[in-house]
Each structure stands twice: as structure tokens, then as C-alpha cells.
Amino acid sequence: MNKQLTLLVLICAILSACSKDQPIPVETGVSKTLADFRQKNITNLEYQLQFDIPEGKSEEIPGKNKITFDLKSTNQDLQIDFRENAEFIKSVKTNGKESNYSFESEHVIIPKEELKEGRNKIELEFITGNTSLNRNDEFLYTLFVPDRARTAFPCFDQPNLKAKFELSLSVPSHWKAMGNGKLNQTKEKGERSIYEFAKTKPLPTYLFSFVAGKFETITREHNGRKHTMYHRETDPEKLANNTDEIFRMLFEALDWLEEYTNVPYPFAKYDIVVIPSFQYGGMEHTGATLYNASRMFLDKNATKNRLLARANLIAHETSHMWFGDLVTMKWFDQVWLKEIFANFLADKITNPSFADMNHDLKFQMAHFPRSYSVDRTSGSNPINQVLPNLKDAGTMYGGIIYHKSPIVMNMLENIIGKDALKKGLQIYMKNYAYGNASWEDLIAILDASTPFDLTQWSKVWFDKAGRPQLSANISVKDDKIAELKITQKDANGNDGDWTQDLHLFFGYKNESKRVDVKMDKAEVLVEEAKGLDVPEFIIPNAKGDAYGFFRLDEITKQYLLKNLDGIKDDLVRGIALINLYENLREGFVNGNEFVLAIEKHISMEENSLNLERMLSYLKSAYWIDLSPVERKKIGKQLEDTLWIRLSNEKSMSKKSSLYSALSSIAETPERLSQLYKVWKEEIAIGGFSLSETKATALACNLAIKMPEKAEELIQTQSKRIKNPDRRKKMNYLAPSLSADPQVRKAFFESLKNEENRQIERWTLEGLRYLNHPLREQESLIYLPQALELLQEIQVTGDIFFPYNWLSASYSGLQSKEAGDITRKFFEERPDYPENLKLKILQTADVVLKK
């Protein structure tokens, strides 16, 4: 028996050794298998990078990369990621000798015979790939999230192989340059400037960044550290109105985060670059954070929501310096791990700057509607997702990780307490600084501070797609509540297993009553409700922290449609508004009654957050849920209501929101003529003047609705625009606004060429103009082609581009025909990638329900 056991152990040892020597498959992208092997085998990684950047955006950028690292084992060939053609590699040396490398499936492969245990050095000369360099006529900036560093230079492109980066940039002498590290020195060499940057702290490749081009700079000092803002804004009034506030919010966020985490700012510098038409709101490159210019340089009369959004954006990106940059997720299946903290903490950071704002309502409006917009669809995804290969990491992003995750994080804080969460996060920061961690690592820390089973709770809220469907079922006897049951189901009608606290609000004519309920099973009997008078309405989630679809009972529905303003509490009224809209989306309220209800309440809503959400829902429902006949019937009444409130409103912030809604829904000849005169600056609206940004948006809007004036509107507005970047954008968009269908068709055809999609925000805006609801019949022709392009869009575009491409393509569609086109697309492609199928289901939800 002992001999048999010994033999068995020997066989297992041999098999184990063989499996370790089994070559890792060479495949496109970065597989989890490859990444895990490299993470275990490579340590002390450093990159020394050089780029020689010419002024012409079509010229090649020569690059060099010296990669040094310690290697534990040489039993495998070394795969270095490079998503470009083999001919872009000009030379490779391994440990000082010419390498007999090969190139296969997006990898430079170094033979294991050339490697050694211990310190290794790989030197590569290459032509830099352009995919993620965002090259413009006068500037460029890198954007390597989530797996795009390998499109520019050879590297180990995975988040759990952090490296120290040393960068040298050669640029035209009239350009400026910046990177993650502090600038060591600048050398002048003829008509070139060479910028040499200090070695960074350990960073993942997705955070490595550099920017070069014609920029102006503004510097401020805070706590002994200088911070520089690079920008291309030419409007002195915009700079004067925004610069001080941008820096104030940045410094406020830094101070708050240092105190909350008990970790001083962990990197050498923190500069920001404000980019025209940047793809995202911002990107948290360590020491070189990028922001979208339109989100930072706001108009003089910006709405309170716009001001709040900017403050949250700055706080969000600054939070990432600790959550994401200092401590990074191990793999992009948990990319939400950095976003959950960035959004959750951003709300806390900005609260003091908006002291007069209801912060619970602010949190509600910031996150719930956007999370619901995905979770209500058949394409909903869980927060925690599966990612076998980093090439699909971009599809992890969306409303769920950005908005559902902070909602669930708020639940977690309520469970364990604010102090316990803060203390746990400080331990988390200390334990994993400059390294990688998982959600499970954090839960293990937090579990020690509570008897509550966080692991099981986490599995339901993080690993399960969709939202609970909750209903209140009342039995009445003698005008009293005999029984009240709350039930929860999933989207398929199965019993739900979500656990959360509900806060029921019973509304009566002259009073209200609140009842707390622990929703911890599929059906809960509310004992405290027994014997109460029958209320006029019930709001089951009145505190603002419960999550799900709350189906309205008929009495509550009718009350909200007629008397929404009767709810005096701003938070409860805002939640009721969201519930009413979600019942519209789920088919329990029709579009006509919803729009008429909103029209009735527009003149009475004084809370700016509720008003802005109300107007946003109005614009959506007007175009998507009303037929042309219904729009014609109630359009003038709606326009008049908006015009009167706009003309009489004293607050410029609210006036701006009302103007946006009016210009969106206006269709009658009288109102369009009036708006045309506003654009021509012949009349004003109650003291409200148009900024260049608003005048440009109005010109585009009127060009679609008044095609006979389209050419005049486009050409005149283009001449009015002084900033060269914004003028280029207007000229790009002009064909999508043309009155000539053939010109518009040519614009769509041009989008099939990757080069014409390089500035993604321009592309998406043009696509929305093509697909305006008034052009639905034309849009139906584009839809099959837009769907056909999606896989290419995923490969060539940035992380949000596939979803936004689809969103723009479906933006003006409301017909069953659009749903039929989508269903046919799936039927003809039974093996279509699941991650992209989910994105289609999310954006096509309205037409798929027709």
C-alpha cells in the first residue's frame, strides 16, 4: 500500500511538473492564463521609454523601450504584448544580444533560451502604434485604459504587473509636454525640445500617460506643492469664470482624501490637462489627469446640476489617486472596484460645497436613474463580471459599475457604519499600497467589524444581474389596512433573495407616516401597517437608499399623476418622480399621461435637482413615448408652459434647464420662429442670453427642425465660433445637419472609415443628429449598418464607444420596425459575442418592447 501511495505521489509530481512546462497558448489579447503566469513569474518591473514625436499627425513616431525585470523561471518563452503589425518592430535585444524573437498574435515572443533567472533586460525599437495616441493637428494625448498601452508600445499590459516608468519625449520646440513623473529637465536640440521625466512610483500600464502639443498653462500652489493646468481654451471670460473654482475643488478633494484615507498624496505631482472633445469626463492618469473641456469650462449661467457634475467629476478623478492608482484591482473583471470608491467618495467630498443642497436627493438623482436605465433591460449585467481576456475589458464598463456600485456601497456603509468603513479602508490602503487587491480582500477586512454576513450579502448584490421587482399589496377592511405585504421577484417572476431596508412612506392629506421594513425574504408582512387608515399613496423607498423597481399600486399611480406636487418633502417627491418614470418604462404608465402629468407640475417644482430630472424625463418621454399625432395634440400646450416658466423664472440655473427642455421639444412653427429670432439675437428670453455653446446647440437643433434654413444656420454659426477646436467640430458636424438626405447619407458612410471616427464625441453627436426622432424613417436605414459595425467599433474605439455608438443609433427610434431589425440581427448571428449582445439589448430596450 505504501509503495502504491509513493508511486501515486511520484506520478502527480511528474504530471504537475509537465503542466508547469506546458507552453502557454499564444493568442490575441491578454488572456487571464498568460497574465496570471506573468504576474507570478515577473517582479521589479521597469520601463524606460523614449518617443520622438513629429509635428505632423500622419508622420511616424519612432519609439524605444528598455524593459528590465526579475524572472523567477525560464521554463516558458516570454510573451510581450504589442497590438500592431510585426513590421512595426525594428529591433529587439535580449540581455545585450540580438534576439531571435518571433511575432505572433499581437505578441513579441522572446525564446526562453535567451532569458535567465534573475535580472533581465529587453531592448526594443519600434514604430509607435497610433490607435490610442489621439493625434490632432496641434496636440496628442494617450489613453491606454483598459488594455491599450500595447497598441502603442511593447509591454506587459495587465493591471497586476505594476512597473516604474521613466519617460523621455522629443517634441517640436514650440510644443509643451508632460507625463506621469516630475519633469527632471528640458533640453533644446535645434527645433526640438527633449523632456526628461523622473521615474514614477509603480503604476499599471493603463495609467501610464503623456501629452504633447500647443497648450497654455496656469499654475497654483497648495500645501507646498505646485499644480499646473494645461488647456487650449481661448475665451478669456470662460477662463476667468472657471479657473479659480477648478483649483479650489481640486485642493478640497486632495485635503479630504488625505484625511479620510490617512495617506498623504501618494505620488510626486498632480497636474491636469483639459482636452477639447475628450472622450470621457476625465481619466485618472497619475500626475497627469485628463479632463473634458466642456465639463470643466462652464458657461456663466451653468445650471446647478452642471456645477455639481463638475465638482463630482474632479472629486471622482482625484479619489482615483488612492482608489485605483495607489491600490489597483488585480484584473479588469473588478474594474468596478476603483469606480465604486471614486463615485461613492466623490459624493461625500462635494457635499460641503453645496451646503444648501439636499445631499440624499443629490445621491438619488446622480446614481439611481442611470443604474436603472441598464438594470431594467434584458441586457443587464452584474457588478461583478467574468473576463477571460483583456481584449474585451472595455465591455465591462457602463452604468452598472459607475452607478449601481456606489448605491450598493452606500448600503454597505449603512450596515457596518461610517466609522467602521473608514477604518477598514485605511487598513486596506496601508496593506495594499502600490500593489493590487480584490473586493474579497476588502470584504475580509470589513467582515471583522460586523456580525453581519457580508460575504453572502455581497454575492447577491455584486454577482447577480438585474434589480428586484417590488410590489405593495394592500387588503382593506372598513377603510383600514387589514394587511400589507411587500413581495419581491426577479425579472423572470422568481422569488427574490435581495436583502435591504425599506422605508415606507404613507401619505395622507394633512400628515404622513413612515414605517421601516427589513426586506430579507421573498414576501414580508408589514405588521405596523395593520389598522392604519388607507393612505392616498405609498412610497416604499422613501429614504432613498432602497434599490429596485417599485411597481405603483393604482391608487398611488393616480395620485402621483395628478398631485405629485402634493408631496412636500423634496427627497420623497424626487423618489416618487423616479418611480413614476420607471413605471412608464415598464409599461404600467402610458406616455401621454406621463407627459401631461409633468406638464402640470413644471410650474410648481422649485427644487432644482427635481426640476432638472423632471425636464430630462420630459424630453425623453416626449420623443420616445408619444406618437407624432400625440405630440401635435399637446405640443403647443407644453411649449407654452415651458415658455411661461422660463420667462418668469428668476434663477439663471433653472432658466438654463427650462431653455434646454424647450429647445429640445419645440416643433410648432410659431415657437421655432421665436427660437430662430433668439439665435439671431433679435430677441431674448426674460433676460436669458445665449452663450456660444448654447447658440451652437440651438443652431444644430433648428437646422434639423427648419431644414429650409439649415445652410444659413450652419454656416453663420461656424463663422461666429472663435475657438479653432470648436470651429473644427462644427465643420465636422455640418453634413449630419444638412437638409439634403444624400449629404447625410454620405456622412454616415464616412463613419465606416476608422479615421473619420477618431474624435469620438464628434462622431456620436453627428450620429445623434442623423438619428433625430424627426428622421426616424431615414434612421431605420442606418440601423442594420450601425449594428454591423459594432465589432469593429469595439476593437478600434475607446471603452465607452461601443455603448455610446449604439445609444446614438437608437436615440431617435421608437417603432416596432426598429425592434424587428434588432431581432433579425440576432437571429442571423446566433453566435454573436455575448458581451456586445448585452450592449445592444441595453440600448435597444425601448424598441424591443414594442
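Check the entry above for the structure.
Residues numbered from 1 in each chain as written. Predicted model: local features only at pLDDT ≥ 70, side-chain atom pairs only at ≥ 80, totals over all residues. Heavy atoms only, no water.

Colleague: How would you sum up the overall build of the chain? Please name residues and give values.
Modeller: The helix and strand tally for the chain stands at 29 helices and 28 strands. Seen through its principal axes, the chain has C-alpha atoms that stretch 85 × 80 × 60 Å. Across the 850 residues that make up the chain, the buried fraction comes to 58%. Taking contacts inside the chain between residues at least 6 apart in sequence as the whole, the part at least 24 apart equals 72%. One way to put it: in the chain the 113 positive side-chain charges average out to a point 2 Å from where the 119 negative ones average out. (Helix = DSSP H or I, 4+ residues; strand = E, 2+ residues; numbered from the N terminus. Buried < 20%, exposed > 50% of the residue type's maximum accessible area, 1.4 Å probe, protein only. Contact = heavy atoms within 4.5 Å. Lys, Arg positive; Asp, Glu negative; His and termini not counted. Charge placed at Lys NZ, Arg CZ, Asp CG, Glu CD.)

Colleague: For the pairing of strand β16 (residues 225–231), give the residues involved together with the corresponding values.
Modeller: Burial runs high along β16: five of the seven residues are buried. Looking at chain direction, strand β15 (residues 216–222) and β16 are connected through seven bridges and run antiparallel. Bridged to His-222 within β16 is Arg-225. Linkage of β15 to β16, two consecutive antiparallel strands, is achieved through a turn of two residues, within which Asn-223 is found at a positive phi near 50°. Pairing of β16 with strand β17 (residues 271–275) involves two bridges; the strand directions are parallel. Looking at β17, one finds that Met-229 is bridged to Ile-272. (Pairing = 2+ DSSP bridges.)

Colleague: A description of the environment of Ala-746 should follow, citing residues and the corresponding values.
Modeller: Relative to the helices and strands, Ala-746 resides in helix α22 (residues 741–750). Take Ala-746: its relative accessible area is 45%, and that puts it in the partly exposed class. Put simply, Ala-746 and Ser-736 are 10 residues apart on the chain and 8.9 Å apart in space, counted from C-alpha to C-alpha.

Colleague: So what's going on with the pairing of strand β8 (residues 118–127)? Which residues, and what values?
Modeller: Examined bridge by bridge, strand β2 (residues 62–71) and β8 share 10 bridges and lie antiparallel to one another. From the neighbouring strand, Asn-65 faces β8, where its bridge partner is Leu-124. Judged from the five bridges that link them, strand β4 (residues 89–94) and β8 form a sheet pairing that is antiparallel. Within β8, the residue paired with Ile-89 across the bridge is Phe-126.

Colleague: Quick one: what's the story with the packing of helix α15 (residues 608–624) against helix α16 (residues 628–648), residue by residue and with numbers?
Modeller: One way to put it is that α15 packs onto α16 with a least axis distance of 12 Å and a crossing angle of 160°. The orientation of α15 with respect to α16, classified from their angle, is roughly antiparallel. α15 and α16 meet at a crossing whose hand is left-handed. Residues Leu-611, Leu-615, Leu-618, Tyr-622 and Trp-623 of α15 form the contact with α16, whose own contacting residues are Arg-631, Gly-635, Leu-638, Leu-642 and Arg-645. Of the residues belonging to the contact of α15 with α16, the class tally is seven nonpolar, one polar and two charged. (Axes fitted to C-alpha atoms, helices over the stretch in contact; angles between N-to-C directions. Parallel < 35°, antiparallel > 145°, perpendicular 65-115°, else oblique. Left-handed = near helix turned anticlockwise from the far one by under 90°. Nonpolar A, V, L, I, M, F, W, Y, C, P; charged D, E, K, R; others polar.)

Colleague: Break down unusual backbone geometry for me, citing the residues and quoting the values.
Modeller: Going from Val-145 to Pro-146, the amide bond is cis rather than trans, its omega being -5°. The topology assignment puts Pro-146 in the loop between β9 (139–141) and β10 (163–172). In this structure, Ser-277 takes a positive phi of about 55° despite not being glycine. Among the structural elements, Ser-277 can be located in the loop between β17 and β18 (282–283).

Colleague: Can you lay out helix α23 (residues 760–770) for me, pointing to particular residues and giving the numbers?
Modeller: Counting buried residues in α23 gives eight out of 11 residues, a clear majority hidden from the surface. Buried within α23 we find Glu-760, Trp-762, Thr-763, Leu-764, Gly-766, Leu-767, Tyr-769 and Leu-770. The elements touched by buried residues of α23 are α19 (692–705), α21 (724–737), α22, α24 (776–788) and α26 (801–810).

Colleague: Break down the sheet that holds strand β7 (residues 107–110) for me, citing the residues and quoting the values.
Modeller: The strand order across the open sheet formed by three strands is β3-β7-β6, and the pairing between neighbours is antiparallel. Only two strands of the sheet have a single neighbouring strand rather than two, namely β3 (78–81) and β6 (102–104). On average, each strand axis in the sheet is inclined to that of its neighbour by 30°, with strand direction left out of account. Note that β3 and β7 share four bridges and pair antiparallel. Each residue of the ladder has a partner; that of Ile-80, found in β7, is Val-108. Running at roughly 115° to β3, helix α2 (residues 32–41) makes contact with β3 and β7 of the sheet.

Colleague: Outline the pattern of salt bridges, supporting the account with residue identities and numerical values.
Modeller: Scanning all chains against the criterion turns up 63 salt bridges. Measuring nitrogen to oxygen at the nearest pair gives 3.0 Å for the salt bridge that ties Lys-849 to Asp-845. For Asp-845, a relative accessible area of 8% puts it in the buried group. Put simply, Arg-376, Arg-467, Glu-582, Glu-586, Asp-845 and Lys-849 are held in one network by salt bridges that share partners. (Salt bridge = Lys/Arg side-chain N within 4 Å of Asp/Glu carboxyl O.)

Colleague: Describe in detail the sheet that holds β17, supporting the description with residues and values.
Modeller: Strand order in the open sheet made by the five strands is β15-β16-β17-β19-β18, with mixed pairing throughout. Since the sheet does not close on itself, it has two edges, and those belong to β15 and β18, each with one partner. Packing of helix α3 (residues 236–261) onto the sheet brings it into contact with β15, β16 and β17, and relative to β15 it is tilted by some 40°.

Colleague: Can you tell me about the packing of aromatic side chains, naming the residues and giving the values?
Modeller: In the structure shown here, the tally under the stated rule is 53 aromatic pairs. Taking 5.1 Å as the distance between ring centres and 90° as the angle between the ring planes, the aromatic pair formed by Tyr-622 and Trp-623 counts as edge-to-face. Here Tyr-622 and Trp-623 have matching classes, each one buried. Above the ring of Trp-679, the side-chain terminus of Arg-720 is found at 4.3 Å from the ring centroid. (Phe/Tyr/Trp six-rings, centres within 6.5 Å; stacked < 30°, edge-to-face > 60°. Lys NZ or Arg CZ within 6 Å of the ring centre and 35° of its normal.)

Colleague: Go over helix α7 (residues 359–375) with me, naming the residues and quoting the values.
Modeller: Taking 1.5 Å per residue as the helical rise, α7 with its 17 residues ought to reach 24 Å, and the 24 Å between its terminal C-alpha atoms agrees with that figure. Roughly 25° is the biggest bend found in α7, and it falls at Phe-368, with proline Pro-369 one to four residues downstream. Across the 17 residues that make up α7, a large majority, 12, are buried. At the N-terminal boundary of α7, the capping side chain belongs to Asn-358, with an oxygen 3.2 Å from the backbone nitrogen of Asp-360. (Expected span 1.5 Å × (residues − 1). Bend = angle between axes of the 7 residues up to and from the residue. Polar contact = N/O pair within 3.5 Å; in protein donor to acceptor, adjacent residues only side chain to side chain.)

Colleague: Tell me what's going on with the environment of Gly-224, and back it up with residues and numbers.
Modeller: Tracing the sequence through the fold places Gly-224 in the loop between β15 and β16. For the pair Gly-224 and Asp-255, spaced 31 residues apart in the sequence, the C-alpha separation amounts to 13 Å.

Colleague: Go over the nonpolar core with me, naming the residues and quoting the values.
Modeller: With 235 residues, the main nonpolar core has Phe-51 and Phe-153 as its most contacted residues. Per-element accounting of this core gives the leading share, 10 residues, to α3. Every residue in contact with Phe-153, bar those within four places of it in the chain, is listed here: Leu-49, Phe-51, Asn-65, Asp-81, Phe-82, Phe-126, Phe-144, Phe-165 and Phe-208. Judged by nonpolar contacts, the second largest core, of 30 residues, contains Phe-748, Leu-751, Phe-801 and Leu-836. (Core = buried A, V, L, I, M, F, W, Y, C linked by side-chain atoms within 4.5 Å.)

Colleague: Pulling in residues and values, what's your account of the packing of α19 against α21?
Modeller: In contact at an axis separation of 11 Å, α19 and α21 are set at 10° when each is read in the N-to-C sense. Accordingly, the angle class assigned to the pair α19 and α21 is roughly parallel. Of the residues in α21, those touching α19 at Glu-692, Thr-696, Cys-700, Ala-703 and Ile-704 are Arg-726, Met-730 and Leu-737.

Colleague: Give a detailed account of the side chain of Glu-284, specifying residues and quantitative values.
Modeller: You can see Glu-284 is positioned in the loop between β18 and β19 (288–292). Within the local environment of Glu-284, its side chain forms a polar contact with the side chain of Lys-338, the two groups lying 2.7 Å apart. When near neighbours in sequence (up to four residues on either side) are disregarded, Glu-284 contacts Tyr-206, Leu-207, Thr-289, Glu-317, His-320, Met-321, Asp-325, Lys-338 and Glu-339.

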